[in-house]
Amino acid sequence: MVASAPLVNLHWEVLPPDQNLMTLAETVDALILGIASDTLPPELRQRLGDEAAVWLTECLDREILAAAHRSRAYATLPTPAGPLPTLLVRVDVKGRERGEAFELASLALREFVGTSHRKLVLDWGGTIADEHFDAVVAGGYAGVDGQGLYRSEDDSKLPSNVHLIGGNQAAIDRGTIVGQCINHTRRLVNAPASEINPVTFAQQAEETARQSGLEIEVWDERRLEQEGCRAILAVGRASATPPRLVILRHSGGPAGQAPIAIVGKGVTFDSGGLSLKPSDAMMDMKCDMAGAATVVGVMRAVAELKLPRNVVGLCGLAENMIAGDAYRLGDVIETRSGKTIEIHNTDAEGRVVLADTLDVALQQQPQSIIDLATLTGACLVALGVETVGMMGNDQTWIDQILSAAKQEGEWAWQLPMFELFDEKIKSKVADIKNVGNGRWGGAITAAKFLEAFVGDVPWCHLDIAGPAFADSALPHRDAGATGVMVRTLIRLLQEQ
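As the structure is a prediction and not an experimental result, all values here were calculated from the model.

(A) Region of interest: the pattern of salt bridges. Inspection of the entire model under this criterion finds 30 salt bridges. Among the ionic pairs, R187 bridges to D145, the shortest N-O distance being 3.9 Å. Here D145 lies in the loop between α4 (133-144) and β6 (161-165) and R187 lies in helix α5 (residues 169-190), a separation of 42 residues in the sequence. An identical accessibility class is assigned to R187 and D145; each is buried. A salt bridge links D288 to K265; its shortest N-O distance comes to 2.9 Å.

Structural data, given as structure tokens:
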């Protein structure tokens, strides 16, 4: 399967800050320079040498590079070994932030995808702070990987070696793990539902656990029935591929330490069920398991970074299809927790799957819970396609996640969880119904539904429906899966 094929690997090498760039001209294919202003800093001037520094200053004087942040221009640097292709990237003060460092590196290396330039020198000219070079490395990995997994012609010529001015081996090691785990998540999401279904997703998770040293438990349909996971089973009942529940454990902390639980929605394809989606809305529904894919990527990183705390990741996996035994509108489902759900819309299936998955998470006696789900179109209406919606029952926990997201440069915004929304999911025939009253506040009523299954444990829900999957490319990333919140959750867990 393409989803299990080896990820792109880059060879990074740290060069000393007094490295003469001209001496590399014979052994590299291209040079990337970060430019903060039209006056070259002394360190960059020294590395270039006098003649090259004068040439670059003349290029900037001719305004071949626009003054706007992230603008790019190609030039040909004259060297004793011959002309050297050079990419100039404009960086402003934002480049000193982690999120900007990640995206700038992604943008720069992405410029060379599909070219013959495989060996690169990357010199930010002092525009990026030393403590963010792990983000540079992670961004480089994200930039060179894309969604074109099944093209018959191999046009994916990629950089293979990057000589880096700045940073250290520790930054390379951490950045490589984070970057690879982002791409692992993206690879799972970008694979079609014909390849990634509940069974094959669980198999992929088993392979990841074996390679990374995670403990894993997979519940098949028989175990799900024994455990009373009737909600997961109901959603997956009409599919030819039975549901699964995956539990990944990292025991990096002391024995008896309450774990942090990360829960992911894993609907590997969502037709809408009997509340059938229109064709256009169904096209990208392979991405409806992005929450579960994020859990796998984060848990792999937690293990490979050897974080000194206990973490458990849970993926509720089902395929929402149509058949004679599909779950129906008006059905009442008794969940694993004993709470009953009246089904008003079979296309609001993700929260139904999460109802059982969150109850299994509670069984792990966690310190706190995070769930990630491509849950509602209402969140896109409220916050757009780039921002994660955050809701929860504990402000301290929410603030910690918001802080981690801000540090990593990922966009997130908290929505209210007022008690008045509780009334909107009450059912006349069961404990709750799986949609609110009408279309208003749909992201919040979905979160209120989930809140009914987390008890008193500090919990935060991340609605990633907007930023998890992009319809179009940006200069720093391809279209398709983005791996959103992988960096944020790794940062959060490191700081716990």
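(B) Just the sheet that holds strand β11 (residues 332-334), in detail. One open sheet holds the three strands; their spatial order is β11-β12-β16, and the pairing between them is mixed. Each edge of the sheet is formed by a strand with only one pairing partner; in this case those strands are β11 and β16 (432-433). Of the pairings in the sheet, the one linking β11 to strand β12 (residues 340-342) comprises three bridges and is antiparallel in character. Each residue of the ladder has a partner; that of V332, found in β12, is E342.

(C) Structural detail: the packing of helix α3 (residues 98-110) against α4. Look at α3 against α4: their axes get within 7 Å of each other, and the N-to-C directions meet at 40°. As the angle between them shows, α3 and α4 are arranged oblique. Regarding α3 and α4, the two cross each other, and that crossing is right-handed. Along the contact surface, α3 presents R98, A101, F102, A105, S106, L109 and R110, while α4 presents D134, A135, V136, A138, G139, G140, A142, G143 and V144. Grouping the constituent residues of the contact of α3 with α4 by class yields nine nonpolar, four polar and three charged.

(D) Layout of the nonpolar core. In terms of nonpolar packing, the biggest core is built from 91 residues, with L109, W124, F201 and L462 touching the most fellow members. At ten residues, the largest contribution of residues to this core is made by helix α10 (residues 290-304). Those residues in contact with L109 that lie beyond four places of it in its chain are L10, W12, I32, L120, L122, G140, V144, P159 and V162. Within the second largest apolar cluster, 46 residues are counted, among which are L224, V312, I341 and F449.

(E) Spatial organisation of a nonpolar patch on the surface. On the surface, a nonpolar cluster with roughly 360 Å² of combined accessible area is contributed by L274, L276, I322 and L329. With respect to the helices, strands and loops of the structure, L329 is situated in the loop between β10 (310-320) and β11.

(F) Representation of the environment of N345 within the structure. In this structure, N345 sits in the loop between β12 and α11 (350-363). For the pair N345 and L274, spaced 71 residues apart in sequence, the C-alpha to C-alpha distance is 8.2 Å. If near-sequence neighbours (up to four positions away) are discounted, N345 is found in contact with S275, Y327, L329, N434 and V435. Looking at N345, its side chain comes within polar contact range of the main-chain nitrogen of D347, at 2.7 Å.

(G) The arrangement of unusual backbone geometry in detail. The phi angle at E63 is positive, at roughly 60°, despite the residue not being glycine. Looking at where E63 falls in the secondary structure, it is placed in the loop between α2 (50-61) and β3 (72-77). Notably, R70 is not glycine yet its phi reads approximately 75°, a positive angle. If you trace the backbone, R70 turns up in the loop between α2 and β3. Exposure remark for R70: the relative accessible area of 18% places this residue in the buried category.

(H) Spatial organisation of the sheet that holds strand β2 (residues 30-35). Taken in spatial order, the six strands of this open sheet run β1-β6-β5-β2-β4-β3, and their pairing is mixed. Each of the sheet's edge strands pairs with one partner strand only, and the pair in question is β1 (11-15) and β3. Strand after strand, the sheet turns through a mean of 25° between neighbouring axes, direction not considered. When β3 meets strand β4 (residues 84-90), the two strands line up antiparallel, connected through six bridges. Its bridge partner being in β4, A73 is matched across the sheet by L88. The strands touched by α2 within the sheet are β2, β3 and β4, with β3 carrying the most contacts at an inclination of about 145°. Lying on the sheet, α3 is in contact with β1, β2, β3, β4, β5 (119-123) and β6; it crosses β4 at an angle near 150°.

(I) Quick look at the state of the cysteines. Inspection of every chain in the model, using the stated rule, returns zero disulfides. Unpaired in this structure, C181 has its nearest cysteine sulfur neighbour in C315, at a distance of 14 Å. Using a relative accessible area of 0% as the deciding quantity, one classes C315 as buried.

(J) Broad picture of α3. Between the first and last C-alpha of α3 there are 18 Å, a value that for 13 residues agrees with the 18 Å anticipated at 1.5 Å per step. Counting buried positions over the 13 residues of α3 gives twelve, a clear majority of the element. All of the buried residues along α3 are R98, G99, E100, A101, F102, E103, L104, A105, S106, L107, A108 and L109.

(K) Quick look at helix α14 (residues 442-451). The buried fraction of α14 amounts to nine of the ten residues, a majority that puts the element mostly inside the structure. Within α14 the residues assigned to the buried category are G442, A443, I444, T445, A446, A447, K448, F449 and L450.

(L) Broad picture of the packing of α4 against α5. It is the contact of α4 with α5, at a shortest axis distance of 7 Å, that shows an interaxial angle of 35°. Taken as a pair, α4 and α5 cross one another with a handedness that is right-handed. Taking contact as the criterion, the partners of F133, D134, V137, A138, Y141 and A142 in α4 are, on α5, A171, I172, R174, G175, T176, V178, G179, Q180, N183 and R186. Split into classes, the residues belonging to the contact of α4 with α5 amount to eight nonpolar, five polar and three charged.

(M) Region of interest: the side chain of T208. Relative to the assigned elements, T208 resides in helix α6 (residues 198-212). Take T208: its relative accessible area is 8%, and that puts it in the buried class. If sequence neighbours within four positions are ignored, T208 has contacts with H184, V296 and R300.

(N) How the structure looks around the packing of aromatic side chains. Summed over all chains, the structure comprises three aromatic pairs. Centroid distance F449 to F453: 5.4 Å. Interplanar angle 45°. Geometry classified as tilted. As far as the burial class goes, F449 and F453 line up, both buried. Sitting over the face of the ring of F453, K339 holds its NZ or CZ atom 5.9 Å from the ring centroid.

Conventions used here
- Residues numbered from 1 in each chain as written.
- Predicted model: local features only at pLDDT ≥ 70, side-chain atom pairs only at ≥ 80, totals over all residues.
- Heavy atoms only, no water.
- Salt bridge = Lys/Arg side-chain N within 4 Å of Asp/Glu carboxyl O.
- Helix = DSSP H or I, 4+ residues; strand = E, 2+ residues; numbered from the N terminus.
- Buried < 20%, exposed > 50% of the residue type's maximum accessible area, 1.4 Å probe, protein only.
- Pairing = 2+ DSSP bridges.
- Axes fitted to C-alpha atoms, helices over the stretch in contact; angles between N-to-C directions.
- Parallel < 35°, antiparallel > 145°, perpendicular 65-115°, else oblique.
- Left-handed = near helix turned anticlockwise from the far one by under 90°.
- Contact = heavy atoms within 4.5 Å.
- Nonpolar A, V, L, I, M, F, W, Y, C, P; charged D, E, K, R; others polar.
- Core = buried A, V, L, I, M, F, W, Y, C linked by side-chain atoms within 4.5 Å.
- Patch = residues over 30% accessible without salt bridge, like charges linked within 9 Å, V, L, I, M, F, W, Y side chains within 5 Å.
- Areas by Shrake-Rupley, 256 points an atom, 1.4 Å probe, with all protein chains shown as cover.
- Polar contact = N/O pair within 3.5 Å; in protein donor to acceptor, adjacent residues only side chain to side chain.
- Disulfide = S-S within 2.5 Å.
- Expected span 1.5 Å × (residues − 1).
- Phe/Tyr/Trp six-rings, centres within 6.5 Å; stacked < 30°, edge-to-face > 60°.
- Lys NZ or Arg CZ within 6 Å of the ring centre and 35° of its normal.

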